[in-house]
Each structure stands twice: as C-alpha cells, then as structure tokens.
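What follows is each chain in one-letter form.
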Amino acid sequence: MAKYKLNELERGCRATRTQLSLYVDSTLSAREVWAIEKHLRACKSCSDYRRELQATVDLLHTTPRLDTSDDFMARLHSRIDAIEPALVRPPQWRVALQDQWMTLWYSRPVRSLSAVGLSLLVLALVPTLVRRQPVLPSLQREDRAVREARRALTQPLSQNVVSSTEDPFGDPSATNLEAQVVLNDSSTSKTSKEN
Amino acid sequence: MVALSKIMYADNTLIQRAQANDRAAFNEIVLRYKSKIHNYLFRMVRSASDAEDLTQETFIRAYLSIHTFQSRASLNTWLFRIATNLCIDYSRKNKNHIATQSLSIEDDEDNGSQRDIPDLAFDPQRLLLNRELGKRLDEALCQLPERLRTVVLLYDIEGLSYEEIALVVGTPLGTVKSRLFHARVQLREILLPYLQEKL
C-alpha cells in the first residue's frame, strides 16, 4: 500500500514538474492550476522545486541589459551609404512635409475635426445619391424599343397626312367622298326640275 | 516642427515610410529595436564587439529587404528572426572560437557599453549578491545549448510570446514550450547553490 502511494506521488510529482514552467508563466487553465496547487500543498519537494524555478525566472527577468556603443548609428549610416550610394531617396522637403502632415494628423483635435467633417459630408451626400437613382442598361434598352415602336406607328399616319395635304385628290377616300357629293347634287337638281 | 523621434508612430506606419525609401523612418525603427537586438545577440555570441557587428548586419539586412516585408509578422518578430539566422551562421563559422570564450560583464564594462542594472537599492550586501548572481546567471546561460538559450533569452529576457518565438525559431509552439521548460530546469540546476543562499 505504501509502495503504491509512493508511486502515485512520484507520478504526481513528474506530471506537476513538467507543467511548472507553464504554471510560472500563468499560461495554464484554471483546472490545471487547481490540480498543480493541490499537489504543491501536499508535496514539499515539488513546492521547493517551484520556488527555485520561480527564483530562476525572476533572476532572468532582472538581468542587466547591454546597449550599443555611442557611434552605432553613425557606423550604420556609413555602411548603408556604402552599400547603396545610388538609392533613390525622397527630397528633404518632402520628408519634412510628411513629418508635418503626420504630426498634424496624429494630433487629436485635427482627427476629431476631420471625423466630424467627414460625417457631415456623408449626411449631405446621402439624400442626393438616394434621389438620383441610376438608370439600368436593361431599362435604357426597353425605353429605346418603346420609342422605336411608337415612331413606327406614327410615321405612316404623318406620311398619310402629308400626302393628303399635298394631293388631296390622290386619296381614294377623298375621291369617293367627292363622287358621293356630286351624286347627291345631281339627284337634288333632277328633283327640283320635275317639280 | 515636432521631432520625428518624439512621436510614437505605429510600427506599420514606419514600415510603410521606410518602404518608400524614407531614411528617417528607418532610423526610428533602428532606434526602437537596436537595444533589444543587441542585448539578445550579446548573450548569444558572448562577445560585445561581435554582437555589435551582428546588430549592424541585422539592420542592414532589414534595410535591404524592408521592401519585401509584409505585415503578416510583427516587425519585432521579423528583426529577431534575422538576428537569430545571423547567430546560426556566426556559430557555424566560429564553432571552436565560441567554445573557448567566456562571458563576463565586468570584462566588457571598459568598452563604453551602457548597462542598466536593476534593483539598485543602496544595500551593499544585496547589490553584491545580485551582481554575483547575475554573473552566475551569465555563466549558466553560456552552458545552455544554443537552441535552449535562444528560447529562454527571447521569452524571459526579451519578452516575446510563445507564438512569436515559434515564428522566430521556425518550430511548433509545443517545441518552444518544451525547450523553455528544459532551459529553465537546466538553469535551476546550475544556479541551485546560489539560489538556495538567496531563498
């Protein structure tokens, strides 16, 4: 029984220690943290191990930093100039203008004003755009077809009117009408003579 | 006119300007990252002068290929990737030389290098202990294999995330976590006598 318990504890220690690095970084899930802390409360050896690992990580975090030498930038510039002497660079005035513009753009009042101005512009343009609905090409085609059909219908009528005004006697219906009038007139004069 | 260096432009803005051959923007990038890259390279190659040369080489390579940089990765990750590749080349060339070198911060203090030692509370005993521990830590880092040292430096000293380190080193996320674990365990074993004094 004691042997079984020792093995179980050993297994628990192994599982805990492999996760202690992640535990120190606080990247484990709540359940995993709970399991590790439960084991740490029961196992002094693992608890000491965790403390030592934490001290190692803390030491790494406070390690002194080394900076470059003072002439680092100058040396870098001269090396870049030597590598690419014919590099196309924007003129100084353009760089200065870009700096000015970015400075202005990144300042809060200008950005707020620009946002307000843009909103007003959108509000002014939306009704205009909504009213002016674009004509679809299919509708344009249909409109053209209707116009041509109407022209085809009205053209013979106008041609007929023109021909009848130019030569009213050329119209057969007019000739018939004239013949009818002549016939009526002749019958009326015959009747008056008999009376 | 407000000086360019005083304005915190986003990295993306600086990259866009540097891609348009704007040297001022590239300078800003260098000023922003040179310390981090140099510190990392110094702990990798263990020589202040070689670290500075490699830092210069990192930024020259960045300058020459900034036009091909795409914003899929962060600028930080990209620069550390260039630096790590340079480190690999360097250690291949100087394999025997590195093995005989030892890292000592005090040896390099006369070279005009600036150091920022944390925890400068006026407690001579504590300061001495911290200095001693710092020295031991440097020695312990030197004893780590390069692949473990890269990960522990990037995570615990330079503050990159697991995901960023995976991109820098070009390994899966699980490998990064595993290497970090092994690196810390080895460091703990080396530093155990000093840690027990401190704890």
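Residues numbered from 1 in each chain as written. Chains lettered and ligands numbered in written order. Predicted model: local features only at pLDDT ≥ 70, side-chain atom pairs only at ≥ 80, totals over all residues.

### Here we look at the overall build of chain B
Consideration 1: Regarding its fold elements, chain B presents 10 helices and 1 strand.
Consideration 2: Ordering the α and β elements of chain B from the N terminus gives α-α-α-α-α-α-β-α-α-α-α.
Consideration 3: When burial is assessed residue by residue, chain B has 38% of its 199 residues classed as buried.
Consideration 4: Restricting the contact set of chain B to residue pairs at least 6 apart, pairs at least 24 apart contribute 65%. (Helix = DSSP H or I, 4+ residues; strand = E, 2+ residues; numbered from the N terminus. Buried ≥ 20, exposed ≤ 12 C-beta atoms within 10 Å, placed from the backbone. Contact = placed C-beta atoms within 7 Å.)

### Let's talk about the environment of A:Tyr49
All names here are of chain A.
Consideration 1: By secondary structure assignment, the location of Tyr-49 is in helix α3 (residues 44–61).
Consideration 2: Tyr-49 gets classed as partly exposed once you count the C-beta atoms within 10 Å, which come to 18.
Consideration 3: In this structure the C-alpha to C-alpha distance between Tyr-49 and Leu-20, which are 29 residues apart in sequence, comes to 8.8 Å.
Consideration 4: Apart from residues lying up to four places away in sequence, Tyr-49 is in contact with Arg-17 and Leu-20.

### Points about the confidence of the model for chain B
Residue and element names in this part refer to chain B.
Consideration 1: Mean pLDDT over chain B: 81, with 76% of residues reaching 70 or higher.
Consideration 2: Element-level pLDDT for chain B is lowest in strand β1 (residues 115–116), with a mean of 40, against a maximum mean of 95 in helix α8 (residues 146–157).
Consideration 3: Note on residues 1–7: pLDDT under 50 across the span, and 11 contacts to partners over four residues away in sequence or across chains.
Consideration 4: Contacts of residues 102–122 to residues separated by more than four positions or lying in other chains number 28 contacts, the stretch itself having pLDDT below 50. (pLDDT = per-residue confidence, 0-100.)

### A word on the packing of helix α2 (residues 23–45) of chain B against helix α3 (residues 48–65) of chain B
All names here are of chain B.
Consideration 1: Between α2 and α3, the least distance of the axes is 8 Å, while the angle of their chain directions is 140°. Taken together, α2 and α3 sit at an angle that is classed as oblique. With respect to the hand of their crossing, α2 and α3 are arranged in right-handed fashion. The segment α2 lies against α3, with Phe-26, Val-30, Lys-34, Ile-37, His-38, Leu-41, Phe-42 and Val-45 engaging Ala-48, Asp-50, Ala-51, Glu-52, Leu-54, Thr-55, Thr-58, Phe-59 and Tyr-63.
Consideration 2: For the contact of α2 with α3, the residue count by class is 11 nonpolar, 3 polar and 3 charged. (Axes fitted to C-alpha atoms, helices over the stretch in contact; angles between N-to-C directions. Parallel < 35°, antiparallel > 145°, perpendicular 65-115°, else oblique. Left-handed = near helix turned anticlockwise from the far one by under 90°. Nonpolar A, V, L, I, M, F, W, Y, C, P; charged D, E, K, R; others polar.)

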